Amino acid sequence: MDVIKRVYQYAEPNLTIIGWLGAIGYPLYYVLWQYLFPQPYESLLLRAVGSALFLILALRDRLPKQWQPKLPYFYFIAVLYGLPFFFGFMLFMNQWSTVWAMSFMASLFLHILLVHEPRVMMAQSLSGVIGAYLVVSVFDSDQTHLLIEWAYIPIFVFTYVFGNLFNFRNRVTHDTKVSIARSFGAGIAHEMRNPFSALKSSIDVLKTMVPEESTGSHGTKSYQMQSSDVSLVNEILRNASEVIRSGNETIDLLLTSIDQNRISAKSFKKYDATTVVQRSLDSFAYKRPQDRHAVRCHAGHDFEFFGSDTLLKFTLYNLLKNAFYYQNNEHFHIDIELKEQDDMNVITVRDNGIGIESHLLEEVFKDFYTFGKPHGYGLGLPFCRKVMRSIGGDIYCTSVFGEWTQFTLTFPKYSSPITNQMKTELLASKSILYIGKPGLATRVLDQQAFYLQYHFEVVTLQAFLDNRKTDSEHDLILVDLENVGVDWQPLELLRSRLNFSQSKVAYLYDSNHYYPIDIQAEKDIYPLEFRVLQLDTEQILDSLLFDSQDIIEAQTMTILNEISEEAIAEVSGESSNKRVLIVDDNHSLRAVTVLLLRKLGFDVIEADDGQHAIEMLDGNDVDLVLMDIEMPIMDGLEATKAIRLSNKRYSKIPIVGYTGDNSPQAIRNVHAAGMDDHIFKPAEKQTLLHTIEKWA
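What counts, and at which threshold
- Residues numbered from 1 in each chain as written.
- Predicted model: local features only at pLDDT ≥ 70, side-chain atom pairs only at ≥ 80, totals over all residues.
- Heavy atoms only, no water.
- Pairing = 2+ DSSP bridges.
- Helix = DSSP H or I, 4+ residues; strand = E, 2+ residues; numbered from the N terminus.
- Axes fitted to C-alpha atoms, helices over the stretch in contact; angles between N-to-C directions.
- Patch = residues over 30% accessible without salt bridge, like charges linked within 9 Å, V, L, I, M, F, W, Y side chains within 5 Å.
- Areas by Shrake-Rupley, 256 points an atom, 1.4 Å probe, with all protein chains shown as cover.
- Salt bridge = Lys/Arg side-chain N within 4 Å of Asp/Glu carboxyl O.
- Buried < 20%, exposed > 50% of the residue type's maximum accessible area, 1.4 Å probe, protein only.
- Core = buried A, V, L, I, M, F, W, Y, C linked by side-chain atoms within 4.5 Å.
- Domains from an automatic or database assignment.
- Contact = heavy atoms within 4.5 Å.
- UniProt positions renumbered as here; feature names shortened; annotations may be inferred.
- Phe/Tyr/Trp six-rings, centres within 6.5 Å; stacked < 30°, edge-to-face > 60°.
- Lys NZ or Arg CZ within 6 Å of the ring centre and 35° of its normal.
- Polar contact = N/O pair within 3.5 Å; in protein donor to acceptor, adjacent residues only side chain to side chain.
- Left-handed = near helix turned anticlockwise from the far one by under 90°.
- Nonpolar A, V, L, I, M, F, W, Y, C, P; charged D, E, K, R; others polar.
- pLDDT = per-residue confidence, 0-100.

### A word on the sheet that holds strand 7 (residues 344-351)
Thinking step 1. Pairing is mixed across the open sheet formed by five strands, whose spatial order is 4-6-7-9-8. At either margin of the open sheet sits one strand with a lone partner, and together these are strand 4 (295-298) and strand 8 (394-400). This sheet shows a mean twist of 20° between the axes of neighbouring strands, independent of strand direction.

Right, here's the structure in full:
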C-alpha cells in the first residue's frame with residue numbers, strides 16, 4: 001500500500017490539470033468519434049463514468065477531510081478504469097481499428113507519465129486489459145470483438161518497456177536528490193546543535209551586559225559601558241561569527257551533497273587530520289553510550305591535508321554508521337588508525353563486523369547499491385569516493401567475509417604536486433585587499449599577484465571606510481598599521497567593519513614602532529611583521545589563504561607568545577567567589593558559558609575533556625563541576641565515575657551533567673554515573689544559574 005501512496009505523491013503536483021483534462025476530454029472525444037469522425041462503437045455511459053472519476057480528482061481539495069486519506073487508492077482506481085480498462089475495452093469493441101490502436105498506444109504513454117512505478121503500472125495494465133476482455137466476452141455476443149490483432153502486440157510491448165526505461169532515468173534523478181538530502185539530514189541536524197547552542201549562550205551573555213537606560217543633560221538617552229565589557233562584547237561577537245561560519249559551511253555541504261556532480265574545492269584549506277578525526281568521533285550521533293567506547297583511535301602518524309574538514313567529517317560519519325549497522329557480535333569494535341603508506345597519508349577504518357564478500361568490494365561504491373538496509377539509498381559510499389577523489393585521494397575497501405572490513409582513505413601529502421596544483425588553481429579565484437599606501441610591501445604583493453594570478457587591490461584607510469561595498473568579497477585583508485597614524489577614530493571604525501567581515505584579516509606592523517592598538521588583544525586577526533612578509537611572501541600568503549582557522553590561531557598564539565601560564569595563574573589565584581569548573585570539548589560553547597559565569601561573579605576554570613578535568617581538580621579547589629557528556633580521551637560519564645571512586649578531597653563534589661541528549665536513557669546514564677543533576681543544551685540563562693547556585 002505504501003507504493004500506491006508514493007505513486008499518488010509523485011503525481012499530486014500535476015493532478016489538478018490531469019483531472020480537468022480527463023473530465024473534459026472523455027465527453028469531448030465522444031463528440032469527435034461519434035459525429036465528426038464516426039467509429040464503429042462508442043459508449044456515452046463509459047465516458048461519463050471516466051469523466052466523473054477525473055472530475056473528483058480535479059476537485060479533490062474540496063472533498064471532506066475524512067475522505068482525503070483515501071485519495072491515493074481512489075487515484076489508483078481512476079487511472080485503472082480511465083486508461084487500461086477504458087482504452088482496452090474500446091480497442092476490442094472497435095475490432096482493433098487504426099484509430100483505437102493509436103489511441104491505446106497514446107494511453108500507454110500517458111499511463112507511464114502518471115504512474116512512475118513499473119510494478120504498479122504493470123498490475124494496472126494487466127488487470128485493466130484482462131478485465132476489459134472479460135467484460136466484452138460476457139456482455140457482447142459478437143465473438144469477432146474477442147479476436148486479437150497480434151501484430152500490434154510487439155509495438156505495445158516496445159512502447160511499454162522503453163517508455164518505462166526512459167521514465168526510470170528521470171525518476172532516478174529525482175529520487176537521488178531526495179535520498180541524498182535524507183541521508184545527510186540527520187548529520188546536518190546534529191551538527192547544527194552546537195552552533196545554535198553557542199549563539200543562544202552568546203545572546204544570554206550580551207543581555208547581562210546591556211546597561212541601564214539613563215537620561216543625559218539634554219534629555220537624550222545615554223549608556224555607560226566599561227572598557228572591559230566592550231572587550232567581552234567583541235569576543236562574544238567573534239565567537240558568534242565563528243559558529244555562524246561553521247553552520248554556513250554545514251549548510252553548504254548539504255547543498256553540495258544534493259548536487260552530487262559537483263564538489264567545490266573553493267573552501268578547501270589545510271587541516272590537521274588527527275584533530276578532524278577526533279572531532280568527528282566526538283560529534284557523531286551514537287545510538288548507545290557503549291557505542292562510543294567501541295571506537296578506538298590510533299593517531300600513530302599525524303599529518304596535514306588539503307581539503308574540507310566538514311566533508312571528511314561526513315565521510316567518517318558514513319563509515320561509522322555503516323559499521324554499526326552491520327555489527328554482529330557483542331565484542332564489536334572499530335579501530336581508526338592514521339599512518340603513512342608509500343607516498344600517501346592514510347586513515348583506515350576497520351571493524352570486526354559481518355564483512356563483505358570479495359566480488360562486492362567495488363559494487364558498494366556504485367550509486368544505489370545497498371545490502372540489507374530496508375530504508376537505505378546506496379548513495380553514502382559513492383559520495384565518500386567523490387569526496388576523497390576531489391582532494392586528490394581515494395577510498396577503497398578490503399574485507400574477509402564473516403570476520404572484518406577495512407576502508408582505507410588515502411590523502412596526498414600537503415607538499416605533493418597534486419595539492420600544489422589544486423592550490424595554484426584556487427589562487428586564481430582569490431582576492432587580496434591591502435589597506436594602506438603604496439610602498440615596498442605593495443610592490444612585492446603586486447609582483448606575486450602577477451605570477452600567482454590572484455586579484456590584488458590597494459586602497460587607503462579613508463577610501464575603505466567610505467566604500468560601503470561588502471568586505472566579504474575579499475579572501476584576505478592586509479591592514480598596514482604604519483599608515484593608520486595616531487588618530488584613534490578611523491582605526492575604531494576599521495575594527496568595527498572588520499568585526500563583521502568574513503575575510504581573513506592580518507595587521508602588518510613594525511615591532512620597533514608604536515601603534516594606538518593592542519595587537520595582542522586582536523585574537524581573530526593575524527599579526528604579521530613587514531620583514532617576515534617581504535622575506536617569504538609566497539609562504540605567508542599560502543598560510544593566510546589556505547590554513548584553517550585552528551592552524552592560524554595556533555600560529556598567532558606562537559607569534560604573540562600568548563602562553564597558557566598566564567591564564568592558569570589567573571584562575572588559580574585566591575578568590576572568595578564560588579569556583580566552577582566547566583568541562584566541554586566544544587571551544588565556542590565553553591567560551592560563552594565561561595564569559596557568562598564570570599560576568600555574573602563566578603570564578604571559572606576550564607577543561608576540554610574528562611582527563612583534563614581530573615587534573616584541574618587535583619590542582620584547584622572547586623565548588624561545582626559543569627560536565628559535558630560526549631568528549632574525547634575521557635567522556636563525562638567516565639570522568640564522573642573516576643571522581644566518585646577516588647579517595648581525593650573532591651570525590652563528593654557536586655557534578656551537573658550538561659548534555660544535548662534529552663532521551664530517558666541518557667538521563668539514566670547521567671545519574672547512574674554519579675552526577676547530582678543535569679541540564680540540557682541549549683539551557684536558558686536562568687536555568688543554568690539556578691542549577692549552579694543550587695549545588696555550589
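### Quick word on a nonpolar patch on the surface
Thinking step 1. Taken together, the side chains of Val157, Phe158, Val161, Phe162, Leu165 and Phe166 present a nonpolar region at the surface, about 610 Å² in accessible area.
Thinking step 2. When you line up the elements, Phe158 lands in helix 7 (residues 153-209).

### A closer look at the sheet that holds strand 16 (residues 603-607)
Thinking step 1. One open sheet holds the five strands; their spatial order is 16-15-17-18-19, and the pairing between them is parallel. Two strands bound the open sheet, and with one partner strand each, they are strand 16 and strand 19 (677-680). Between one strand axis and the next, the sheet turns by 20° as a mean value, whatever way the strands run.
Thinking step 2. Across four bridges, strand 18 (residues 655-659) lies against strand 19 in parallel orientation.

### With respect to the pairing of strand 15 (residues 579-583)
Thinking step 1. Most of strand 15 is tucked away: five of the five residues are buried.
Thinking step 2. Burial along strand 15 is two-sided: the face carrying Arg579, Leu581 and Val583 and the face carrying Val580 and Ile582 are both buried.
Thinking step 3. Here strand 15 pairs with strand 16 via five bridges, running parallel. Bridge pairing in strand 16 links Leu581 to Ile605.

### A closer look at the pattern of salt bridges
Thinking step 1. Counted by the stated rule, this structure contains 19 salt bridges.
Thinking step 2. Between Arg649 and Asp621 there is a salt bridge, with its nearest N and O atoms 3.2 Å apart. Here Asp621 lies in the loop between helix 22 (610-619) and strand 17 (624-628) and Arg649 lies in the loop between helix 23 (636-645) and strand 18, a separation of 28 residues in the sequence. Each member of the pair, Arg649 together with Asp621, is exposed.
Thinking step 3. Through salt bridges with shared partners, a single network forms among Glu362, Arg385, Arg389 and Asp394.

### A word on the nonpolar core
Thinking step 1. One finds Ile334, Ile336, Phe411, Tyr454 and Leu478 to be the most contacted residues of the largest nonpolar core, which totals 70 residues.
Thinking step 2. Top contributing element to this core by residue count: helix 11 (residues 309-325), with nine residues.
Thinking step 3. Counting contributing residues, this core receives three or more from each of domain 2 (269-417) and domain 3 (430-569).
Thinking step 4. Residues contacting Phe411, with those up to four places away along its chain left out, are Phe303, Phe305, Leu312, Met344, Asn345, Ile347, Met388 and Ile391.
Thinking step 5. One finds Val3, Met90, Val115 and Val136 within the second-largest nonpolar core, a separate group that totals 43 residues.

### Section: the UniProt feature "transmembrane region" (unreviewed entry) in the protein chain
Thinking step 1. Under the local residue numbering, the UniProt record ascribes the feature "transmembrane region" (unreviewed entry) to residues 12-32, 44-61, 73-92, 98-115, 122-139 and 151-168.
Thinking step 2. Taken end to end, residues 12-32 has its terminal C-alpha atoms 29 Å apart, with 86% of it in helix and 0% in strand.
Thinking step 3. Overall, residues 44-61 shows 83% helix and 0% strand. The separation of its end C-alpha atoms is 27 Å.

### A closer look at the packing of aromatic side chains
Thinking step 1. Summed over the entire model, instances satisfying the criterion amount to 34 aromatic pairs.
Thinking step 2. Relative to Trp33, the ring of Tyr29 lies with its centre 5.9 Å away and its plane at 50°, an arrangement referred to as tilted. Of this pair, Tyr29 and Trp33 both sit in helix 2 (residues 15-36), four residues apart, roughly one helical turn.
Thinking step 3. Given a relative accessible area of 12%, Trp33 falls into the buried group.
Thinking step 4. Ring geometry for Tyr41 versus Phe89: centroids 6.0 Å apart, planes at 65°, classification edge-to-face. Note that Tyr41 is positioned in the loop between helix 2 and helix 3 (44-58) and Phe89 in helix 4 (residues 71-93), a separation of 48 residues in sequence.
Thinking step 5. When its relative accessible area of 24% is taken as the criterion, Tyr41 is described as partly exposed.
Thinking step 6. Judged by its relative accessible area of 8%, Phe89 is buried.
Thinking step 7. Members of the aromatic cluster, connected to one another through ring pairs, are Phe92, Trp96, Phe104, Tyr133, Tyr152 and Phe156.
Thinking step 8. For the cation-ring pair, Lys270 lies above Tyr414, with the distance from its terminal atom to the ring centre recorded as 4.8 Å.

### Section: the side chain of Asp309
Thinking step 1. Within the secondary structure layout, Asp309 lies in helix 11.
Thinking step 2. In terms of polar contacts, Asp309 uses its side chain to reach the side chain of Thr310, at 3.4 Å.

### Focus: the packing of helix 22 against helix 23
Two numbers describe a pair of packed helices, the interaxial angle and the distance between the axes.
Thinking step 1. Relative orientation of the contacting elements helix 22 and helix 23 amounts to 30°, with a least axis distance of 8 Å. Crossing of helix 22 over helix 23 shows right-handed handedness. Listed contacts from helix 23 to Gly610, Ile614 and Leu617 of helix 22 are Ala639, Ala642 and Ile643.
Thinking step 2. Looking at the contact of helix 22 with helix 23 residue by residue, the classes come out as five nonpolar, one polar and no charged.

### Focus: the confidence of the model for the protein chain
Thinking step 1. Looking at the protein chain, pLDDT values average 80 and 77% of them are 70 or higher.
Thinking step 2. Considering only residues more than four positions removed or in separate chains, one finds that residues 559-576, a stretch of pLDDT under 50, has 18 contacts.

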